[in-house]
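Descriptive analysis of the structure
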Amino acid sequence: MSERNTSNGWVREIRLTAPSLKDNTADADRIIGTLKKYLDAKAIDIDLYALKVLPGMLRKSDYNVRCVLFKDQKKWTLTGITPCDDTVPVLGLAVDLGTTRVVIRLVDLQAKKILTESDFYNPQISIGPDILTRIHFASHHKGLEKLNGLIIDELNCNISDLCNTNGYTSNDIFLMSLAGNTTMTHLFMGLDPRWIIKEPYIPVINRPGNVKASELGIRINPGARVLIFPNIGSYFGGDLVAGI
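Residues numbered from 1 in each chain as written. Predicted model: local features only at pLDDT ≥ 70, side-chain atom pairs only at ≥ 80, totals over all residues. Heavy atoms only, no water.

Points about the environment of Ile 197
The following threshold applies: To qualify as a helix, a DSSP run of H or I must reach at least 4 residues; to qualify as a strand, a run of E must reach at least 2; elements of each kind are numbered from the N terminus. A 1.4 Å probe rolled over the protein chains alone gives each residue an accessible area, and that area as a share of the maximum for its type sets the label: buried under 20%, exposed over 50%, partly exposed in between.
Here Ile 197 is to be found in the loop between α5 (182-189) and β10 (209-212). Accessibility expressed as a relative area gives 22% for Ile 197, which makes it partly exposed. Spatially, the C-alpha atom of Ile 197 lies 8.2 Å from that of Ile 135, the residues being 62 residues apart in sequence.

The following block contains the structure:
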């Protein structure tokens, strides 16, 4: 097995030796073994969706593949796999989740460049223009569910439009990052924000870390991960952390 050091960051191109009767290593073990050497990693997981497409993808690409990887503090996760000769770039999505406006950018993860962007009004404005009104609304019956659904649905619609306009599909997006203030992050994740405005002002979580996009209702690649920027407290959010 060998690898080509032609890319870095989240996308790695590798060339694997095809299996034989003398080398009947499982497909997953074969690719993990190569990636461990290349990344100097102790642990690599493969997302279940990536695992399902792995056998066909390896043979279709003659064992020359692009691996889309996400690394948290302790381990790497293989979130997607495509042929090396695929002309469609491996896409990432950067989201600035503002109280009033939302900006989304498509990024070529391999070339590390911004491809295009768009912006739209945060639909939660229909509930209230400020976070205090939205937090109070979230405490009512199904209020949190409505606020969460508004932003998730609008994001999915705009992601799809942005991709289609530029000749891509939402399925081409393998990684996503999102930054917003503490309340916006909570509403995006469907977390109860009511304690943020009550003494002693405690959020549900400060470091959401990475979450599967499908668990959040974001319709991009089924194996995609969403990195949610951490907040430091109730009024020092991921938007400020990202800016710093």
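Section: the nonpolar core
We apply this condition: Residues belong to a common nonpolar core when they are buried Ala, Val, Leu, Ile, Met, Phe, Trp, Tyr or Cys residues joined through side-chain atoms within 4.5 Å. Should any heavy atoms of two residues lie within 4.5 Å, those residues are counted as being in contact.
If you look at the biggest cluster of nonpolar residues, it comprises 33 residues, and the most contacted ones within it are Val 95, Ile 104, Leu 155, Ile 159, Met 176, Phe 188 and Ile 218. Listing elements by their share of this core, those giving two or more residues are β6 (91-97), β7 (101-108), α4 (143-165), β9 (173-180), α5, α6 (213-216) and β11 (225-228). With eight residues, the single largest contributor to this core is α4. Apart from the residues lying within four places of it in its own chain, the contact partners of Leu 155 are Val 95, Val 102, Ile 104, Phe 120, Phe 188 and Ile 218. With 22 residues, the next largest nonpolar core counts Ile 31, Ile 46, Ala 50 and Cys 67 among its residues.

Regarding helix α3 (residues 131-138)
In an α-helix, one turn spans 3.6 residues; hence positions three or four apart end up facing the same way. What counts here: Within this analysis, the arc is defined by the directions that extend from the helix axis to the C-beta atoms. We call two N or O atoms a polar contact when they sit within 3.5 Å, provided that within protein one can donate a hydrogen and the other can accept it, with sequence-adjacent residues counted only if both atoms are side-chain atoms.
Every buried residue of α3 is accounted for by Arg 134, Ile 135 and Ala 138. The buried residues of α3 all sit within an arc of 100° when viewed along its axis, so they share a single face. You can read the cap of α3 off the contacts: a side-chain oxygen lies 3.2 Å from the backbone nitrogen of Leu 132, and it is on Asp 130.

Section: the pattern of salt bridges
Applicable threshold: Every case where a carboxyl oxygen of Asp or Glu lies within 4 Å of a side-chain nitrogen of Lys or Arg is listed as a salt bridge.
Per the stated rule, a full pass over the model turns up nine salt bridges. Measuring nitrogen to oxygen at the nearest pair gives 3.0 Å for the salt bridge that ties Asp 27 to Arg 59. Of this pair, Asp 27 sits in helix α1 (residues 27-39) while Arg 59 sits in helix α2 (residues 48-60), placing them 32 residues apart in sequence. Look at Asp 27 and you get buried, because its relative accessible area is 15%. Exposure remark for Arg 59: the relative accessible area of 45% places this residue in the partly exposed category.

Some details on the pairing of β7
Spelled out, the test is: What makes two strands pair is DSSP finding at least two bridges between them.
Two strands pair when backbone bridges link them, and β6 and β7 are joined in this way by seven bridges, in the antiparallel orientation. Residue pairing across strands places Gly 92 opposite Val 107, the latter belonging to β7. What sits between β6 and β7 in their antiparallel hairpin is a turn of three residues. In terms of strand pairing, β7 meets strand β8 (residues 113-121) through eight bridges, oriented antiparallel.

Brief notes about the sheet that holds β11
Applicable threshold: Orientation is described by lines fitted to C-alpha atoms, with helices fitted over the stretch in contact, and by angles between N-to-C directions that extend from 0 to 180 degrees.
Here six strands make up an open sheet; going across it, the order is β8-β7-β6-β9-β11-β10 and the pairing mixed. Because the sheet does not close on itself, it has two edges, and the strands there are β8 and β10. Direction aside, the axes of adjacent strands within the sheet are offset by 20° on average.

A look at the environment of Ile 32
If you trace the backbone, Ile 32 turns up in helix α1. A residue is classified by how much of its surface remains accessible, and Ile 32, at 17% relative accessible area, is buried. A C-alpha to C-alpha distance of 8.3 Å links Ile 32 and Ile 46, two positions 14 residues apart in sequence. Sequence-distant contacts of Ile 32, that is, excluding residues within four places in its chain, are made with Ile 44 and Ile 46.

Considering unusual backbone geometry
Of note, the bond from Glu 199 into Pro 200 is cis; its omega dihedral lies within 30 degrees of zero at 5°. Here the phi dihedral of Tyr 63 falls at roughly 65°; this positive angle occurs in a residue that is not glycine. Take Tyr 63: it is sitting in the loop between α2 and β4 (64-71). Of note, Lys 142 is a non-glycine position whose phi angle comes to about 60°, a positive value. Along the chain, Lys 142 falls in the loop between α3 and α4. In this structure Lys 142 comes out as exposed when scored by relative accessible area, which is 53%.

Note that all results are geometric; they support no functional claim without further evidence.
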